[in-house]
Amino acid sequence: MVPEAIAPAAEVIVPVELELAAPVAASAAAKPTASQLAKQPVVAGAKAPAAPASGLRQKADAAANATLAALLPHLAGNDSLPLLDRSAMFAGDVSRLLAAYDLTQGVPAQSSHAPEGRVQQVLKAAMSLVGTPYRWGGTSTEGFDCSGLVGYVFRSALGVELPRVSREMAASASGQLIRDRSALTPGDLVFFGLRGRVNHVGIYVGNGQFLHAPSRGKDVRVDSMETGYWSNRFMQARRVEI
């Protein structure tokens with residue numbers, strides 16, 4: 001970071017009457033008092049000394065540093081994306097986070113549209129876990145299985161408790177059932193399976209993509225549900241009441 005340049009001190013014009021009234025010997029050592037300086041005119045266009053760094057700016061810097069520390073280990077562990085793509089995703093997440101940061105209060109800004117704001121909390125919590133390794137039965141940041149990941153995101157972001165396994169989440173009456181994938185909105189739970197039996201769950205993030213913990217040996221990541229392996233295995237979705 002390049003240090004901020006300090007503006008030069010304003011040039012002060014000493015009134016002629018002060019120069020004439022002071023003896024030569026005294027003028028060599030004496031300095032104007034604070035009250036005299038306050039009354040003296042300033043040259044037009046002179047810049048005032050730079051103000052000290054704002055406390056609000058420091059809060060924003062602290063928020064950015066905390067975000068970097070939290071997300072970089074996860075992004076670095078995700079080998080499925082090129083480095084430049086991971087960097088672009090990370091930069092976008094940080095920009096959106098700082099845009100939502102209320103500098104006047106030092107806390108995240110509150111959305112005027114409550115449901116939309118809570119969905120964004122879910123998506124931010126989910127995206128921060130990209131790169132976390134898969135672990136069968138895992139429910140913590142040390143490793144997740146598919147339902148453990150979804151449950152952790154909703155619990156940590158909103159305090160919402162979901163059933164532990166994917167088939168119970170799919171059967172839960174507390175969420176709106178969605179069968180048409182064209183009706184999906186970000187934050188919906190999406191379920192996959194074979195022969196009518198649900199065996200996998202993820203979180204829809206928009207644009208035909210969902211975030212999930214795929215399988216052993218892989219990390220939490222975002223995949224397409226419109227093409228490839230998952231396109232023919234989608235069964236239904238649930239919209240959790242938040």
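Above this note sits the structure.
Residues numbered from 1 in each chain as written. Predicted model: local features only at pLDDT ≥ 70, side-chain atom pairs only at ≥ 80, totals over all residues. Heavy atoms only, no water.

### Looking at the environment of Val198
Note the cut-off: We count a stretch as a helix when DSSP gives it H or I for four or more residues in a row; a strand needs E for two or more, and each element gets its number in order from the N terminus. Only protein chains enter the area calculation, which uses a 1.4 Å probe; residues under 20% of their type maximum are buried, those over 50% are exposed, and those in between are partly exposed. The contact definition used throughout considers only heavy atoms, calling two residues in contact when any of these lie within 4.5 Å.
Position of Val198 among the secondary structure elements: in strand 7 (residues 197-206). When its relative accessible area of 12% is taken as the criterion, Val198 is described as buried. Once the C-alpha coordinates of Val198 and Glu168 are considered, the two residues, 30 residues apart in sequence, prove to be 9.1 Å apart. Setting aside its immediate chain neighbours within four residues, Val198 contacts Ser166, Arg167, Ala170, Phe191, Phe192, Gly193 and Met235.

### Looking at the sheet that holds strand 5 (residues 175-178)
Just so we agree on the cut-off: A strand pair is defined by DSSP finding two or more bridges across the two strands. The axes are straight lines fitted to the C-alpha atoms, using for helices just the contacting stretch, and the angles between their N-to-C directions are given from 0 to 180°.
Across the sheet, six strands lie side by side as 5-10-6-7-8-9; this open sheet has antiparallel pairing. The two strands at the open ends of the sheet, each matched to only one other strand, are strand 5 and strand 9 (221-224). The sheet shows a mean angle of 35° between the axes of neighbouring strands, taken without regard to direction. Two strands pair when backbone bridges link them, and strand 6 (residues 189-194) and strand 7 are joined in this way by six bridges, in the antiparallel orientation. Along strand 7, the bridge assignment pairs Phe191 with Val201.

### Concerning unusual backbone geometry
If you check the backbone angles, Arg195 has positive phi at about 50° while not being a glycine. With respect to the helices and strands, Arg195 occurs in the loop between strand 6 and strand 7. We classify Arg195 as exposed; its relative accessible area is 83%.

### Points about the pattern of salt bridges
Should the charged atoms of two oppositely charged side chains come close, the side chains can pair. Condition: Whenever Lys or Arg places a side-chain nitrogen within 4 Å of a carboxyl oxygen from Asp or Glu, that contact is recorded as a salt bridge.
Scanning all chains against the criterion turns up five salt bridges. The closest approach of N and O atoms between Glu142 and Arg135, which form a salt bridge, is 3.6 Å. Classification of Glu142 as exposed rests on a relative accessible area of 55%. Here Arg164 ties to Asp145 by a salt bridge, and the two come within 3.1 Å at their closest N and O atoms. Here Arg164 is found in the loop between helix 7 (146-158) and helix 8 (166-171), whereas its partner Asp145 is found in the loop between strand 4 (143-144) and helix 7, with 19 residues between them in sequence.

Function cannot be read off these values alone, since they describe shape.
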